[in-house]
Amino acid sequence: MDKPTDWASAKRSLGDINFLTDLRSYRKDNVKPAILLRVSKFVASPQFAPSEITRISKAAGALCSWCHAIYTYSNVSKVVAPKRERLSVALESLAEKQTALQNAICVLEQATAKLTHLEQKYDESVKEKNKLAQEANTLEAKLDRAEKLVNGLSSEYTRWTHTISALKDHSECLLGDVLVASAFLSYAGPFEASFRFKLIAEWTEIVKRNGIQISTEFSVKNVLSNDKDIQSWNNQGLSKDAFSTENALIITNSNRWPLIIDPQNQATKWLLNMYGDTLKVLDIKKKEYLRELETAILFGLPVLIHNVLEELDSNLDPILNKAIIKSGSKQVLRLGDKEIDYNDSFQLFIITKLGNPHYSPEILAKTTLVNFATTRIGLEEQLLAFIVTEEAPAMESKKREVTNKLFTGRNRLIELEDDILRILSKSTRNLIDDIELFKTLQDSKRLADAVNLQLKQAEETAMKVDAARNVYRKAATRSSTIFFTVMSMSHIDPMYQFSLDSYLVDFQANITNSRILNGDTDPQPIAEDRVKTMMAHHSIETFKSICIALFEKDETLFALQLCCDIMLEERTLSSTDLDFICHGSNASSMIDVSKFKSSFKWMEDKVKDSLPQLEYVIPGITHSIEQDEDGWREWYQSKAPETYNLPKSRGQDMSDLHRLCILRAFRFDRFTNGVNILVRKQMGDPFTSSDSFDLLKAYKKSTSKIPLLIILSPGVDPVSKVLQVADKYSQKLVQVALGQGQGPLAIKAIEAATVSGDWVFLANCHIMPTFMDDLEAVISKLQTGHANNRFRLWLSSKPTSIFPLPILQKSVKITTEPPRGLGANMIHIYDQFDKDKFEDNGQKYGYKKLLFCIAWVHSILIERRRFKNLGFNVHYDFCDSDFDVCNDILCVMLGNSDGVIPFDALRTLIGETIYGGRVTDEWDRRLLNVYMKHLFCQEAVDQHSFALSNDGEYTIPSDGPLDSYKLYINSLPTYDDPEAFGQHTNAQIASQVEATKRLLGSISFLRHDKPKQGINESNSNNIGLQSLEKLKAVPQCLDTKKVSAYEKHSSDSSAMKTFLIQEAEHYNDLLTDIHCTHKSLEDAINGKTTFTLILETQLKTISDFQVPKQWQRLYNSCKLLDSWLADLYSRVRQLELWIENGAPKAFWIGGFVNPSGFFTAVLQTEARKKCVSIDSFTWSFKVLNVKENNLDVPIEGVYVSGLLLEGASYDTISDCLLDPKPMELLCKMPIIHFFPTESPKKVLCEQYVCPMYICPDRAGSNRLPSYFFSLKLNAGEKSTDHWVKRGVAMLLSSSD
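Residues numbered from 1 in each chain as written. Predicted model: local features only at pLDDT ≥ 70, side-chain atom pairs only at ≥ 80, totals over all residues. Heavy atoms only, no water.

S.K.: Can you help me understand the overall build of the protein in this one?
M.R.: Helix and strand counts for the protein stand at 49 helices and 24 strands. Taken over the C-alpha trace, the protein has a radius of gyration of 52 Å; the compact-globule value for 1296 residues is 34 Å, which it surpasses by more than 25%. Taken over the C-alpha atoms alone, the protein extends approximately 190 × 95 × 70 Å along its principal axes. A burial count over the protein gives 47% of its 1296 residues as buried. (Helix = DSSP H or I, 4+ residues; strand = E, 2+ residues; numbered from the N terminus. Rg over C-alpha atoms; globule rule 2.2 N^0.38 Å. Buried < 20%, exposed > 50% of the residue type's maximum accessible area, 1.4 Å probe, protein only.)

S.K.: I keep staring at the pairing of strand β21 (residues 1232-1237) and nothing clicks. Help me out?
M.R.: Strand residues, when the strand is regular, have side chains that alternate between the two faces of the sheet. Burial runs high along β21: 6 of the 6 residues are buried. The alternating pattern of β21 places Ile1232, Phe1234 and Pro1236 on one face and His1233, Phe1235 and Thr1237 on the opposite face, and all of these are buried. Bridge count for strand β15 (residues 1178-1183) against β21 is 6 bridges, and the pairing is antiparallel. The residue of β21 that forms the bridge with Phe1181 is Phe1234. Pairing of strand β16 (residues 1198-1201) with β21, which is carried by 3 bridges, proceeds in the antiparallel orientation. Within β21, the position partnered with Val1198 by the bridge is Phe1234. (Pairing = 2+ DSSP bridges.)

S.K.: Sorry if this is basic, but what is going on with unusual backbone geometry here?
M.R.: Where the residue is not glycine, phi is negative for most of them; where a peptide bond is considered, it is trans in most cases. Phi is positive for Lys322, which is not a glycine, with a value near 50 degrees. Locating Lys322 in the fold gives a position in the loop between α13 (317-320) and β4 (324-327). Classification of Lys322 as partly exposed rests on a relative accessible area of 37%.

S.K.: Is there a simple way to explain helix α11 (residues 266-275) in this structure?
M.R.: For an α-helix the count is 3.6 residues per turn, leaving residues at separations of three or four pointing the same way. All buried positions along α11 are accounted for by Gln266, Ala267, Thr268, Trp270 and Leu271. A positive backbone phi angle near 65 degrees is found at Gly276, which sits one or two residues after α11.

S.K.: Can you help me understand the packing of helix α23 (residues 605-617) against helix α27 (residues 656-666) in this one?
M.R.: For any two helices packed against each other, one specifies the inter-axial angle together with the distance between the axes. The N-to-C vectors of α23 and α27 enclose an angle of 160 degrees; their axes lie 9 Å apart at closest approach. The pairing of α23 with α27 is recorded here as roughly antiparallel in orientation. For α23 against α27, the interelement crossing comes out right-handed. Contacts between α23 and α27 involve Val607, Ser610, Leu611, Leu614 and Val617 from the former and His658, Cys661, Ile662, Ala665 and Phe666 from the latter. Its residues assigned to classes, the contact of α23 with α27 shows 8 nonpolar, 2 polar and no charged. (Axes fitted to C-alpha atoms, helices over the stretch in contact; angles between N-to-C directions. Parallel < 35°, antiparallel > 145°, perpendicular 65-115°, else oblique. Left-handed = near helix turned anticlockwise from the far one by under 90°. Contact = heavy atoms within 4.5 Å. Nonpolar A, V, L, I, M, F, W, Y, C, P; charged D, E, K, R; others polar.)

S.K.: Would you explain helix α3 (residues 33-44) in this entry?
M.R.: In this model, α3 (12 residues) spans 16 Å end to end at C-alpha, consistent with the 16 Å of a helix rising 1.5 Å per residue. Here α3 has its buried residues at Leu36, Ser40 and Val43. Buried positions in α3, seen along its axis, are confined to an arc of 75 degrees and lie on one side of it. Along α3, the residues that are exposed and aim more than 90 degrees away from the buried face are Leu37 and Lys41. (Expected span 1.5 Å × (residues − 1). Arc of directions from axis to C-beta.)

S.K.: Hey, could you run me through the environment of Ile435 in this one?
M.R.: Relative to the assigned elements, Ile435 resides in helix α17 (residues 435-469). Residues Ile435 and Lys142, spaced 293 residues apart in sequence, show a C-alpha to C-alpha distance of 9.9 Å.

S.K.: So what exactly am I meant to see when it comes to the sheet that holds strand β20 (residues 1226-1228) here?
M.R.: Note on sheets: strands pair through backbone hydrogen bonds, and any given pair is parallel or antiparallel. An order of β20-β17-β24-β22-β23 is seen for the 5 strands of this open sheet, with the pairing classed as mixed. Each of the sheet's edge strands pairs with one partner strand only, and the pair in question is β20 and β23 (1267-1274). Across the sheet, the mean angle separating the axes of adjacent strands is 30 degrees when strand polarity is ignored. As defined by bridge partners, strand β17 (residues 1204-1206) adjoins β20 across 3 bridges and the pair is classed as antiparallel. Paired with Leu1205 across the two strands is Cys1227, which belongs to β20.

S.K.: Before we go on, may I ask you to explain the packing of helix α44 (residues 1040-1049) against helix α45 (residues 1054-1085) in this structure?
M.R.: The contact between α44 and α45 brings their axes to 10 Å, and the two run at 170 degrees. Judged on the interaxial angle alone, α45 and α44 are roughly antiparallel. For the pair α44 and α45, contact is made by Thr1040, Val1043, Tyr1046 and Glu1047 and by Met1056, Lys1057, Leu1060, Ile1061, Ala1064 and Asn1068, respectively. Counted by class, the contact of α44 with α45 contains 6 nonpolar, 2 polar and 2 charged residues.

S.K.: Looking at this model, I keep getting lost on the sheet that holds strand β6 (residues 338-341). Mind explaining?
M.R.: Ordered by their spatial adjacency, 3 strands build an open sheet running β4-β5-β6, and the pairing between neighbours is antiparallel. Every interior strand has two partners, whereas the edge strands, β4 and β6, have only one. Taking the axes of each pair of neighbouring strands and ignoring which way they run, one obtains an average angle of 40 degrees across the sheet. Two elements, β4 and strand β5 (residues 330-335), share 4 bridges in a ladder whose sense is antiparallel. Paired with Ile325 across the bridge in β5 is Val332.

S.K.: For this particular structure, what's the right way to read the confidence of the model for the protein?
M.R.: Here the protein averages 85 in pLDDT, while 93% of its residues score no lower than 70. This model gives residues 587-593 a pLDDT under 50, and the stretch forms 12 contacts once residues within four places in sequence are excluded. Counted against residues more than four places away or in other chains, residues 1011-1021, with its pLDDT under 50, gives 27 contacts. (pLDDT = per-residue confidence, 0-100.)

S.K.: Help me out: how do you make sense of the pattern of salt bridges in this one?
M.R.: Pairing is possible between side chains that carry opposite charge, provided their charged atoms lie close to one another. Counted according to the given criterion, the structure contains 42 salt bridges. With its nearest N and O atoms 3.2 Å apart, the salt bridge here joins Arg1133 to Glu1136. In this pair, Arg1133 and Glu1136 both sit in helix α47 (residues 1121-1141), 3 residues apart, roughly one turn of the helix. Using a relative accessible area of 22% as the deciding quantity, one classes Glu1136 as partly exposed. A single salt-bridge network, built from bridges that share partners, covers Glu380, Glu381 and Arg473. (Salt bridge = Lys/Arg side-chain N within 4 Å of Asp/Glu carboxyl O.)

S.K.: I tried to follow the packing of aromatic side chains on my own but got confused; where do I start?
M.R.: Think of a pair of aromatic rings as described by two things: how far the centres are apart, and how the planes are tilted against each other in angle. Applying the stated criterion to the full structure yields 63 aromatic pairs. The aromatic ring of Trp257 is capped on one face by Lys322, whose charged end is 4.4 Å from the ring centroid. Over the face of the ring belonging to Tyr1115 we find Arg1131, whose NZ or CZ atom lies 3.7 Å from the ring centre. (Phe/Tyr/Trp six-rings, centres within 6.5 Å; stacked < 30°, edge-to-face > 60°. Lys NZ or Arg CZ within 6 Å of the ring centre and 35° of its normal.)

As structure tokens, then:
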């Protein structure tokens, strides 16, 4: 500021009022360098920092900051000043040049304006040129497109012309096609493929006869669907066979909700794949299913209701009836007490697993019944796919690839054609101008050519792949055949249920194991050899696994059924041969028997009756018998004709099958043995024997989700066996004996065991039918839930129809049966004894021998059942507990005997109380007492080797340790001689005949209405129609006028007249019923009336050559239909002759409905003659050795003829019973004189009281008992006990 710098001057300046103004106006740009130099030392000093000065004085601090700022600014200004000078010079130069620039711009704008004018003129010229060129190109492109469009549409023209022609033809046949297709949707669903084909053929003929055009090659598939939809269904799991495709068409096109018969879950799997997660699966047995169904209806979801039986929940009726009510703009459905908004997208599928359900007409009217059972062809394709995948995976992969290519290519062609038609139909411009159409046509042409080429290549590849795959088809065909044989066994016993899923699992395991077990190390074995290995291994393993679940009586049936099915598959068995095996002479009623005149006296009549049909099956057989009658008689009378060589005249060229046919005709009793030989030769040794009861093997097939079901037999308790398996695996077994109130305990036990890994055994499931639904729900929960891997669920049940089908199909089934044979039964008994306890009780006098007697009686009573009617009249279920109680009684009685054995008390307690307590028939009780009297006597204890049988082969061993008894029992014959039971050798024949009848009855039942395969086909349905034709020969009702005339004019007693009139009325009622049934069946077959369930059952019974139950209400009979009708004719004829000619000399009482009433009438007649009470008479009998022609009418009583003696023969010369001749099952008795006497005679010891039965079934029924009389016959040289053991009885009729 040019002022002094001393302190005094400073203070004056600070105090100057203008000090701040001076500071602000200070010439900061002209600070002298000297001043800056003096100030620099202060600015550099830290003490002169503004922050330091501000702490002392804010005002001083501000001055300090001003000094620092001026100092800094002055230093910077020294640098900036030169630059400002240069800037000024530059600005002056810039002004000059801008002036020059403006001048240049003006010149440029003038030049630019001129150029723009020239360019605009040029562009207009170019644009005009381009426009002309574009018009030329457009015209050229249109010409090109027009040419290509014409060419492209010309190729389509060929296809469209053909299509239009086809559619025109189809439109002319549309009415007929739709008519038959509608009928197919309405009626064909329940039937199998062959019957559907027959229905379509018949409907087509009816349509044609009525002048309605129908397609020449009518196909339901072509009318109701297309290849694209069908291929899509196949990709979703639908079998590729035509039957399954038809089922899908019915389900998807029917107006009524489908009720699907789906025993193998094929439809369920297809629907699940088709709808995916949107499909709601409901169980009709669960309470909440209605609530879930309501939700599905509301939101329009598809619903599958499964596990339905033969009755449907009434709550479903509104849905099935589609009782939809319109309420304003909404559709409402009343379900129960609720109204639900109905969504049109809702779909319903009802599934039943029952293989052959019977639904009421009401249910069938509301639903569309669809038979979705697996077909042989469909299953064969599934199995073939697995085999090829296992054996040649590349081939199967190639097959799938080719199939997909074909499907994609054909669909693409259809899409391209649809696109062309869509564009043509929607185009509003000139076709030449439609570039999209042009491009589509070009793409169509190019893609069509490419696709056609691919299709041609794919078809060629497919043919090669199919040819290569067909090498393995034989194994798939065999496996499919085996499955359907297995499934057919469910018709024999309701417990024989097997699922397709389980079969497929076993099939896959068997195919895989067949390579390992047979030692196939070659990675690429010869296909033919591999197929044989697979077929053999799978057949054997399946047979073994199925036999474990079958009772022994059905194993031969299964083997024969399997053998026949395989022979039909291989076309080595004709339906003619099979019909003869099943039905014998009954199958040949259409054959003229007059040309077969047989006079072979050594043959039985029934053998002669079968010769005509046998000649039809084996031409020349009767001529062969005539040529070598001695040889045939020797073969016929041999002990084992199935192993005996046939006469040389026919034996050399006879097939095994025809040998069996001959055996069936000649030696019916050896047929079962012949079956075993046929099965062994056709299929191998493993098919004639099965594994014994093995719980351990069954356990290995189970899992925590697969229960084990033990099917019980009378007298067998499997608990001990299950405990042994549990001990082997150190498992705790929780046992629950089902009964009232045990259901919740069983469920709790299962829930706890699934966590702990214990085993649960639910015994006697058949006792609690109400618990079965809960059990099914628990097992179903196991399938989807988590359970400890060690957990197992064991079930036991007697055969019953109430057992849930899903459990049967999911479980591993094992049948339990008592030991077979005397030795096996006795070993079973002695195996239960503890050695020490046995020796302790053995100290008592007579204990060991009497114990052996009890074991012998126990085994005899169990095994005697094999002789059927000759064994016991009634079937009794003796069990191990009976023996245990008898053993306890023996111990107690001997312990208190003081050396004297109380035989009377033992016989009473054991014979009358323990075993006798089960015996309800008085004649069976007599038999039991004979055994007790023979065995429980002093001789049995004291005598060495006391004989148990007449031949002495079976004796009581001497006292010894427990092992000595087992050793003796094991030394007994493997085959039990009938003599051990006191029976004749013929008794074995009788049991074999019964076994053969049961086997043939079952095989005939299984083959009823089964689709035929093989050579020389004949329509088996004709058999039923032929049997129906036989009813025309049934005699007419007895003339009531003749009956009335007989009543007025006959000299017979009033009691006999009354009896005859009653018999005539009974038979007239029966004959009327038969004629009415015949008429109703004919009308139903001809479509005049509805086929009711009763008529259907009657027709099926008649087709099986059985007698309908309604016709058996009057009298007992064991005859088949042919024999029964012939017997009926003889019965009616006897009454006709009686009415016309008077009472016969000898009465055939077997021809009366009420033979007891006949004897009562005879007694009444004699009582009125002698004027005494009828109660004072008893019957006396005399066997006459006189023929009926030589008889006179008896003075008292009646002569009776036509009686048959079973179990013995009768010697008319010695007038006593004799052992029957070999192979003589029934002996025709001479005429017997029945006469009443007033003084009763005591039964002499040499007379056998012989019971008389109406038919061979001695048990009869409560309504129609078989026993009605007894007579006394001389016992001859044998004791009466001998004949009691033989089961000798008199029969009024046979089963032949």
